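Chain by chain, the residues run as shown.
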Amino acid sequence: MADGVMKRMSLIFKSKANKALDKYEDPRETLDYSYQKQMELLQKVRRGVADVATSRKRVELQMKKLQQEGDKLEGQARKALELGREDLAREALTRRANISAQIGDLNTQYESLQTQEENLVRQSKALEAKVEAFRTQKETIKATYTAAQAQAQIGEAFSGISEEMGDVGMAIQRAQDKTAQLQARASAVDELMASGALDDPSGLAKDDITRQLEALSSGGAVDDQLAKMKLELSGGAGANKELEAGKGTSYASKSDEISDADVLKDGGAA
Amino acid sequence: MIVRILGEGQLVLEKESLVELNKLDDELMAAVEAGESSRFDAAMGALLGRVRELGSPLPVEELKPSDFILPSAHSSLDEVRDLLSSDGLIPG
């Protein structure tokens with residue numbers, strides 16, 4: 001009967017261990033060399049765990065930042081509605097929905113990374129225990145060494161540790177791949193936020209809404225000021241001309257015009 | 001007998017369990033060979049679930065090679081196929 005998955009996999013691991021075992025004439029050399037490799041792997045695993053933790057914390061910050069953006073947009077939508085600008089409110093809520101989707105996306109990856117981190121910590125502890133067991137056995141075997149007996153003992157200890165190392169090595173690989181994916185995803189969101197693309201939750205895009213709202217709020221004040229200035233200047237005919245010319249470029253009479261122009265300008269500059 | 005689930009650790013099972021596990025494993029192998037992803041996921045879930053149910057963890061300080069090794073949970077069909085086709089993926 002053909003071997004199933006579980007038999008084949010164990011054979012693959014065993015053949016790997018046997019190949020390494022065959023490299024040395026004196027099995028005791030193999031033990032020392034293997035122990036050295038185990039210590040190296042332990043270092044690598046510890047670094048791997050630290051890397052995954054760093055990456056997880058980064059995503060955590062990223063999500064917090066996005067959450068704040070979302071909250072801000074909601075406040076803006078409310079304010080826009082108060083000012084009777086449903087179009088702006090709609091825009092703010094659309095962006096907020098976009099951000100919520102990004103958060104959801106990151107959260108899924110965050111949770112899976114968290115599981116992976118927990119597994120890696122557990123595996124690294126198991127590896128530590130096994131390396132210690134290997135060291136004890138290694139010393140015993142070397143002290144009571146007779147070639148015939150040692151071969152069998154070494155074979156068992158060696159396959160055992162080799163399997164463990166293979167397993168942990170693969171786990172690190174997986175965690176590193178996952179971390180890289182997540183980092184790429186987080187950077188992509190970062191770039192979007194920095195680029196100011198209008199249909200994405202970027203800092204600049206948000207500022208458009210803020211600016212429009214500010215323009216709306218200050219629109220009344222500007223009008224008042226204009227009226228006041230006009231009144232003041234209506235006395236002097238020469239000065240009046242100058243101001244009329246300046247007014248056209250410095251001020252737009254309606255807040256809508258200010259905001260639309262700003263949006264276009266910002267879109268082009270970003 | 002000892003079964004290792006990659007990424008989880010080693011479990012000790014009664015030898016009698018092997019008959020049942022072999023059936024589940026045959027189905028898994030068939031799914032891999034057929035390249036049917038959903039069938040593969042179901043077979044993996046069934047086999048890993050049963051091994052976890054029947055097994056008890058081997059103490060971590062015991063250094064023994066496993067009689068059988070299973071892929072880690074959530075492995076994809078392609079990953080398992082790669083694992084079986086070469087030992088290039090196993091580091092160390």
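Residues numbered from 1 in each chain as written. Chains lettered and ligands numbered in written order. Predicted model: local features only at pLDDT ≥ 70, side-chain atom pairs only at ≥ 80, totals over all residues. Heavy atoms only, no water.

(A) Structural detail: the overall build of chain B. The number of helices and strands found in chain B is 3 helices and 4 strands. Seen in sequence order, chain B has helices and strands lined up from the N terminus as β-β-α-α-β-β-α. In chain B, buried positions account for 43% of the 92 residues. The contacts of chain B with a sequence gap of at least 6 include a subset with a gap of at least 24, amounting to 66%. (Helix = DSSP H or I, 4+ residues; strand = E, 2+ residues; numbered from the N terminus. Buried < 20%, exposed > 50% of the residue type's maximum accessible area, 1.4 Å probe, protein only. Contact = heavy atoms within 4.5 Å.)

(B) Here's a closer look at the overall build of chain A. Per the secondary structure count, chain A includes 7 helices and 0 strands. Overall, chain A shows an N-to-C arrangement of helices and strands of α-α-α-α-α-α-α. Across the 270 residues in chain A, those meeting the buried criterion constitute 38%. Put simply, 82% of the contacts in chain A that link residues at least 6 apart link residues at least 24 apart. Counting only carbon and sulfur atoms, one obtains 53% of the accessible surface of chain A, whose full area is about 14,800 Å². (Areas by Shrake-Rupley, 256 points an atom, 1.4 Å probe, with all protein chains shown as cover.)

(C) The packing of helix α1 (residues 17-34) of chain B against helix α3 (residues 77-85) of chain B, seen in detail. All names here are of chain B. Two elements in contact, α1 and α3, have axes separated by 10 Å at closest approach and are oriented at 100°. Relative to α3, the element α1 is oriented roughly perpendicular. Residues Met29, Ala31 and Val32 of α1 lie in contact with α3, whose contacting residues are Leu77, Val80, Arg81 and Leu84. Class assignment for the residues of the contact of α1 with α3 results in 6 nonpolar, no polar and 1 charged. (Axes fitted to C-alpha atoms, helices over the stretch in contact; angles between N-to-C directions. Parallel < 35°, antiparallel > 145°, perpendicular 65-115°, else oblique. Nonpolar A, V, L, I, M, F, W, Y, C, P; charged D, E, K, R; others polar.)

(D) Broad picture of the interface of chain A and chain B. Facing 37 residues of chain A, the contacting portion of chain B comprises 37 residues. Regarding the contact of chain A and chain B, the summed buried area is about 3,300 Å², with carbon and sulfur atoms giving 63% of it. One can count 4 salt bridges joining chain A with chain B. For the pair chain A and chain B, the number of links is 15 residue pairs in polar contact (both at pLDDT 80 or more). Of all the secondary-structure elements, those providing two or more residues to the side of chain A that touches chain B are α1 (5-21), α3 (86-143) and α4 (147-195) of chain A. Residues that form the side of chain A that touches chain B fall into these classes: 13 nonpolar, 10 polar and 14 charged. (Buried area = accessible area lost by both parts, 1.4 Å probe. Salt bridge = Lys/Arg side-chain N within 4 Å of Asp/Glu carboxyl O. Polar contact = N/O pair within 3.5 Å; in protein donor to acceptor, adjacent residues only side chain to side chain.)

(E) Local environment of the pattern of salt bridges. All names here are of chain B. If you walk through the whole model with that rule in mind, you get 23 salt bridges over all chains. The partner of Arg39 in a salt bridge is Glu36, and the shortest N-O contact between them spans 3.6 Å. Given the relative accessible area of 27%, Arg39 is considered partly exposed. For Glu36, a relative accessible area of 36% translates into the label partly exposed. Between Glu53 and Arg50 there is a salt bridge, with its nearest N and O atoms 2.4 Å apart. Taken together, the residues Glu53 and Arg50, both in helix α2 (residues 37-54) and 3 residues apart, mark about one turn of the helix.

(F) Fine view of the layout of surface pockets. Considered as a void within the structure, the largest pocket measures approximately 730 Å³ in volume. As for the largest pocket, its lining consists of 24 residues, of which Gln116 and Arg174 of chain A together with Ser72, Ala73 and Glu79 of chain B are closest to the centre. Elements represented by at least two residues in the lining of the largest pocket include exactly α3 and α4 of chain A together with α3 of chain B. Ranked by the residues each element gives to the lining of the largest pocket, the list is headed by α4 of chain A, at 7 residues. Broken down by class, the residue content of the lining of the largest pocket amounts to 8 nonpolar, 11 polar and 5 charged. (1 Å grid on protein atoms, 1.4 Å probe; cavity = no way out; pocket = protein on both sides within 12 Å on 5 of 7 lines; lining within 4 Å. Points joined across faces, edges and corners; volume = space filled by probe spheres on them.)

(G) Inspection of α1 of chain A at higher detail. With 17 residues, α1 of chain A ought to run about 24 Å at 1.5 Å a step, and its terminal C-alpha atoms sit 24 Å apart, in line with that. Of all the positions in α1 of chain A, only Val5, Met6, Met9, Ser10, Ile12, Phe13, Ala17 and Leu21 of chain A are classed as buried. (Expected span 1.5 Å × (residues − 1).)

(H) Geometry of the packing of helix α2 (residues 27-82) of chain A against α3 of chain A. All names here are of chain A. Two elements in contact, α2 and α3, have axes separated by 7 Å at closest approach and are oriented at 165°. Viewed along their axes, α2 and α3 adopt a mutual orientation that is roughly antiparallel. The chirality of how α2 crosses α3 is left-handed. Tallied by class, the residues present in the contact of α2 with α3 amount to 31 nonpolar, 11 polar and 15 charged. (Left-handed = near helix turned anticlockwise from the far one by under 90°.)

(I) Structural detail: unusual backbone geometry. All names here are of chain B. The phi torsion at His74 lies on the positive side, around 70°, for a residue other than glycine. Note on placement: His74 falls in the loop between β4 (68-70) and α3. Residue classification places His74 among the exposed residues on the basis of a relative accessible area of 81%.

(J) Fine view of the nonpolar core. In this structure, Val45, Leu120, Leu127 and Phe134 of chain A are the most contacted members of the largest nonpolar core, which totals 42 residues. Residue assignment for this core shows that the elements contributing at least two residues are α1, α2, α3, α4 and α5 (203-233) of chain A. If near-sequence neighbours (up to four positions away) are discounted, Val45 of chain A is found in contact with Ser124, Leu127, Val168 and Ile172 of chain A. In terms of nonpolar packing, the next biggest core, distinct from the first, is built from 29 residues, Leu28, Phe40, Leu47 and Leu70 of chain B among them. (Core = buried A, V, L, I, M, F, W, Y, C linked by side-chain atoms within 4.5 Å.)

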